[in-house]
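Each chain, written out:
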Amino acid sequence: MPEQPTILYIEDNPDNQRLVQRILTARGYRVLIAENGPDGLDLARESQPVLILVDLNIPGLDGYETTTRLRSLPYLSQTPIVALTADTTPGARERALVAGCDGYLSKPIEAHQLSAQIADFLGGKRELVPAPVEMVMLREYNQKLVERLEQQVRELRAANAELQELDRIKNQFLSTLSHELRTPLTSLLGYLELFGRGTLGPLNETQSEAISVMQRNTQILSRHLNNLLYLQEVRSHTLELSVVHLPQLVKPLLLEAQHRATESGLILEAVIADVAPLKLDIRAMELVLRNLLDNALKFTRAGGRIRLSLQDEPSRVLLRIEDTGCGIPPETLHKIFLPFYQVDSSLARPYPGNGLGLAIVQHIVQAHGGQITVRSVVGKGSVFTVMLPRSEPILLESHACGS
Ligand code: ADP
């Protein structure tokens, strides 16, 4: 059976859509409907119709503009485009032809005439505007297009300014909120530590346990707040570089993580090469390590393994954190470095977090001229690799961190 010829109808009125579809389907055509100009352009690209009917009065990109755009597509250059419109104002027909239409049919749609009119256009009929009229109308049409463009640019600029202002207000709010929460939290952490050390009197075993649970959770809260604060500062933050001996920086953080790993039934291994010193922002690099280790610990189930390795290469240092955790679906891998993005963002998710850690990590690594990459397999685990460039040799006499 020969394939049915396709007619594309760009129209937002459902009654007209139904009527045209009924008339033309009965004549053996396949009728595709697009509600607006951009959808019409997409459908025309996909379906390569034998003829296109366009309502001139569609919202957004109007029928004239849609026709001009359709006409510019090379594979539609010979396809008849016919205006089907209720616009009977003087000059409407010429305007449609100047925009690129080959014909002009006015509404209401005449059921018994439509298929014959379409057959005429398919058979080669083309309506034309006399050349002198065409020149004048083309100029008017161009002016109208530029006016519309100008208006759209103005609207976009205004919308962009509004979005930037909203973003500024959101950042301000987050910043105020984090500062306000930080102060009481510091005092909480201080008192918990005094309790923990027994400075405020002896505690029985149950009380000690309760205090250490409170301490752990307050520290988690504090980490989230630090991330929030850092993200707010990050845009204006300039790195405070000093000479850092990375293994020395890593060791205390590994100890902290070791404690949490043991509690969660995880094996934490470290392979630390003797990396030559680098110029780094200590506070920022601590955040990188904390966030990556924190994620590895968080997203790996009891019995799993986490491995941190430091490797020295002539032009760079590689810091790798591998886990045998839940892994990250491939379609979300490119999003995990976006602020606030979480693969599972439902309130019922089993992992705590605010989606800021990796955004901060990436920012810091890039600010050092480095790169972070991730490889991951769902159900098997993830590998985060931080590459820090070594720009110039550093003399060991300078004050290396922790040495
Ligand atoms: P969060 O506070 O949610 O940990 P991050 O920015 O650190 O925020 O990470 C963003 C998301 O990336 C996480 O919510 C998680 O879905 C995914 N992710 C990050 N690290 C890992 C990992 N090691 N294993 C599995 N998923 C991870």
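Since the model is a prediction, treat every value here as computed from it, not as a measurement.

1. Observations regarding the side chain of Arg223
Item 1. Its location among the elements puts Arg223 in helix H7 (residues 205-234).
Item 2. Of note is the side chain of Arg223, whose polar atom sits 3.4 Å from the side chain of Asp294.
Item 3. If we ignore the near neighbours within four places in the chain, the residues touching Arg223 are Arg260, Arg290 and Asp294.

2. Some words on the nonpolar core
Item 1. Grouped together as the largest cluster of nonpolar side chains are 47 residues, with contacts concentrated most on Leu246, Leu292 and Phe384.
Item 2. Top contributing element to this core by residue count: helix H9 (residues 282-298), with nine residues.
Item 3. Residues lining this core come from more than one domain, with at least three contributed by each of domain 2 (153-233) and domain 3 (241-389).
Item 4. Once residues within four sequence positions are removed from consideration, Phe384 is found in contact with Leu292, Leu319, Arg320, Ile321, Ile328, Ile336, Phe337, Leu358, Ile372, Thr373 and Val374.
Item 5. With 27 residues, the next largest nonpolar core counts Ala44, Ala83, Ala96 and Tyr104 among its residues.

3. As for the sheet that holds strand E12 (residues 381-389)
Item 1. The sheet built from five strands is open, its strands ordered E7-E9-E10-E12-E11 with mixed pairing. Looking at which strands have only one partner, the edges of the open sheet turn out to be strand E7 (267-272) and strand E11 (371-377). This sheet shows a mean twist of 10 degrees between the axes of neighbouring strands, independent of strand direction.
Item 2. With respect to the sheet, H9 is in contact with E7, strand E9 (305-312), strand E10 (316-323), E11 and E12, its orientation differing from that of E10 by roughly 25 degrees.

4. A short note on the domain arrangement of the protein
Item 1. Its domain assignment divides the protein into domain 1 (6-129), domain 2 (153-233) and domain 3 (241-389).
Item 2. Taking only C-alpha atoms into account, the centre of domain 1 sits 57 Å from that of domain 3.

5. Here we look at the sheet that holds strand E5 (residues 103-106)
The strands that make up a sheet are held in pairs by hydrogen bonds between backbone atoms, and each pair lies either parallel or antiparallel.
Item 1. Pairing is parallel in the open sheet, where five strands are placed in the order E2-E1-E3-E4-E5. Each having just a single partner strand, strand E2 (30-34) and E5 make up the two edges of the open sheet. Neighbour-to-neighbour, the strand axes of this sheet turn through a mean angle of 20 degrees, independent of strand direction.
Item 2. When strand E3 (residues 51-54) meets strand E4 (residues 81-85), the two strands line up parallel, connected through three bridges. Across the sheet, the residue bridging to Val54 is Ala83, located in E4.
Item 3. Helix H2 (residues 37-47) contacts strand E1 (6-10), E2 and E3 of the sheet and is inclined by roughly 145 degrees relative to E2.
Item 4. Most of the contacts of helix H3 (residues 63-71) go to E3, to which it runs at about 160 degrees, and overall it touches E1, E3 and E4.

6. With respect to unusual backbone geometry
Item 1. Here the bond from Lys107 into Pro108 is cis, since omega is 5 degrees, no more than 30 degrees from zero.
Item 2. Inspection of the secondary structure puts Pro108 in the loop between E5 and helix H5 (111-122).
Item 3. Notably, Gln48 is not glycine yet its phi reads approximately 45 degrees, a positive angle.
Item 4. Residue Gln48 is classed as partly exposed on the basis of its relative accessible area, which comes to 48%.
Item 5. With a phi close to 70 degrees, Phe340 is a non-glycine residue in the positive phi region.
Item 6. With respect to the helices, strands and loops of the structure, Phe340 is situated in the loop between E10 and helix H10 (357-367).
Item 7. The exposure class assigned to Phe340 is partly exposed, which follows from its relative accessible area of 38%.

7. Considering the environment of Glu286
Item 1. Along the polypeptide, Glu286 turns up in helix H9.
Item 2. Considered as a pair, Glu286 and Arg197 are 89 residues apart in the sequence and their alpha carbons are 26 Å apart.

8. Concerning the environment of Glu110
Item 1. With respect to the element layout, Glu110 can be found in the loop between E5 and H5.
Item 2. Residue Glu110 is classed as partly exposed on the basis of its relative accessible area, which comes to 37%.
Item 3. A C-alpha to C-alpha distance of 9.9 Å links Glu110 and Leu19, two positions 91 residues apart in sequence.

Reading guide: rules and limits
- Residues numbered from 1 in each chain as written.
- Predicted model: local features only at pLDDT ≥ 70, side-chain atom pairs only at ≥ 80, totals over all residues.
- Heavy atoms only, no water.
- Helix = DSSP H or I, 4+ residues; strand = E, 2+ residues; numbered from the N terminus.
- Polar contact = N/O pair within 3.5 Å; in protein donor to acceptor, adjacent residues only side chain to side chain.
- Contact = heavy atoms within 4.5 Å.
- Core = buried A, V, L, I, M, F, W, Y, C linked by side-chain atoms within 4.5 Å.
- Buried < 20%, exposed > 50% of the residue type's maximum accessible area, 1.4 Å probe, protein only.
- Domains from an automatic or database assignment.
- Pairing = 2+ DSSP bridges.
- Axes fitted to C-alpha atoms, helices over the stretch in contact; angles between N-to-C directions.

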